[in-house]
Amino acid sequence: MADMGAFRDAVTSWAAGSPGGPASELAARLRVRTAVLLEGPSDLAAVETLAARHGRDLAAEGICALPMGGAMSVGRYAGLLGPSGLGLRLAGLCDEREQPFYDRGLERARAPRQGVFVCVTDLEDELIRALGVPRVERIVQAEGDIQAWRIFERQPAQQGRPPQQQMRRFLGTKRGRKIRYGRLLVEALEPEQVPAPLDRLLASL
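This text gives an overview of the structure that appears in the document. Nothing here was measured: the structure is a model prediction, and the numbers come from that model.

Notes on the packing of helix α7 (residues 133-142) against helix α10 (residues 177-188)
- One can describe the packing of α7 onto α10 by two numbers: an axis separation of 11 Å at closest approach and a directional angle of 125 degrees. One element, α7, and the other, α10, form an angle in the oblique class. Handedness of the α7/α10 crossing: right-handed. Mapping the contact onto sequence places R135, V136, I139 and V140 in α7 and Y181, L184, L185 and A188 in α10.

As structure tokens, this is what we get:
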């Protein structure tokens, strides 16, 4: 039986130039009503983890969270999935510096921009700020990455940077680390600590 992962894969192939028929058929079969446009897989991990903590099954609700491989792809995805494409409602989460790509992409697709929430500086920064560096360090230690973190923070390039910026850079230094910690940091949040952009995005869906 087709699932939302199959739809996500079909949309990714469509955005890369393949025919759109499979995505259109799956959208109808799965009753997809909303596409959440995300910059990358770490954002997907955070959104899905927070939804699960709230007892929500996004796929069952007809909501597909889509990592696009970067904000510059938003125009393509919005055109395929929004009013001029499959007619889905569009929502999203983006980094502060990438907001212009979202604004232009959604405008070209004639899609409302109210459903896009902006992280300052990015989602990792929001999560580290919400938890505090000491709490994140404890998570890093529990994951067996504390030695790598201690080596990283002593590097000359990191001297003079605030610990929060150092930790943000550390999470992006190894392939897959941002995805893993996107889930772990959201799991560690108390309800009142959830960053506003992430909290508002889920509440809007």
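Considering helix α11 (residues 196-204)
- P197, L198, L201 and L202 are the residues of α11 that are buried. Summarising the axial view, the buried residues of α11 lie within an arc of 125 degrees, below the 170-degree limit, and thus occupy one face. The exposed residues of α11 that point more than 90 degrees off its buried face are R200 and A203.
- Residues of α11 that are buried sit in contact with β1 (34-38), α3 (41-53), β3 (89-95), β4 (116-119), α6 (123-131) and α10.

A word on the pairing of β1
- Extensive coverage of β1 is indicated by the burial of five of its five residues.
- Alternating positions in β1 separate into two faces, T34, V36 and L38 on one and A35 and L37 on the other, with burial throughout.
- Handedness of the crossover joining β1 and strand β2 (residues 63-67) through α3 is recorded here as right-handed.
- Where β1 lies against β3, five bridges are found, and the strand directions are parallel. Looking at β3, one finds that T34 is bridged to R89.

What to know about the packing of aromatic side chains
- Applying the stated criterion across every chain yields a total of three aromatic pairs.
- Each ring, one from W149 and one from F152, has its centre 6.3 Å from the other, and the planes form 25 degrees; the classification is stacked. In this pair, W149 and F152 are both assigned in helix α8 (residues 146-153), three residues apart and thus about one turn of the helix distant. Here W149 matches F152 in class, with each residue buried.
- On the basis of an interplanar angle of 55 degrees and a centroid distance of 5.7 Å, the ring pair of F152 and F170 is categorised as tilted.

Notes on the sheet that holds β3
- Taken together, the four strands give an open sheet; going across it, the order is β2-β1-β3-β4, and neighbouring strands pair in parallel fashion. On the outer flanks of this sheet lie β2 and β4, each paired with one strand and no other. The sheet shows a mean angle of 15 degrees between the axes of neighbouring strands, direction not considered.

Conventions and cut-offs
- Residues numbered from 1 in each chain as written.
- Predicted model: local features only at pLDDT ≥ 70, side-chain atom pairs only at ≥ 80, totals over all residues.
- Heavy atoms only, no water.
- Axes fitted to C-alpha atoms, helices over the stretch in contact; angles between N-to-C directions.
- Helix = DSSP H or I, 4+ residues; strand = E, 2+ residues; numbered from the N terminus.
- Parallel < 35°, antiparallel > 145°, perpendicular 65-115°, else oblique.
- Left-handed = near helix turned anticlockwise from the far one by under 90°.
- Contact = heavy atoms within 4.5 Å.
- Buried < 20%, exposed > 50% of the residue type's maximum accessible area, 1.4 Å probe, protein only.
- Arc of directions from axis to C-beta.
- Right-handed = clockwise from strand over helix to strand, strands pointing away.
- Pairing = 2+ DSSP bridges.
- Phe/Tyr/Trp six-rings, centres within 6.5 Å; stacked < 30°, edge-to-face > 60°.

By themselves, these figures tell us nothing about what the structure is for.
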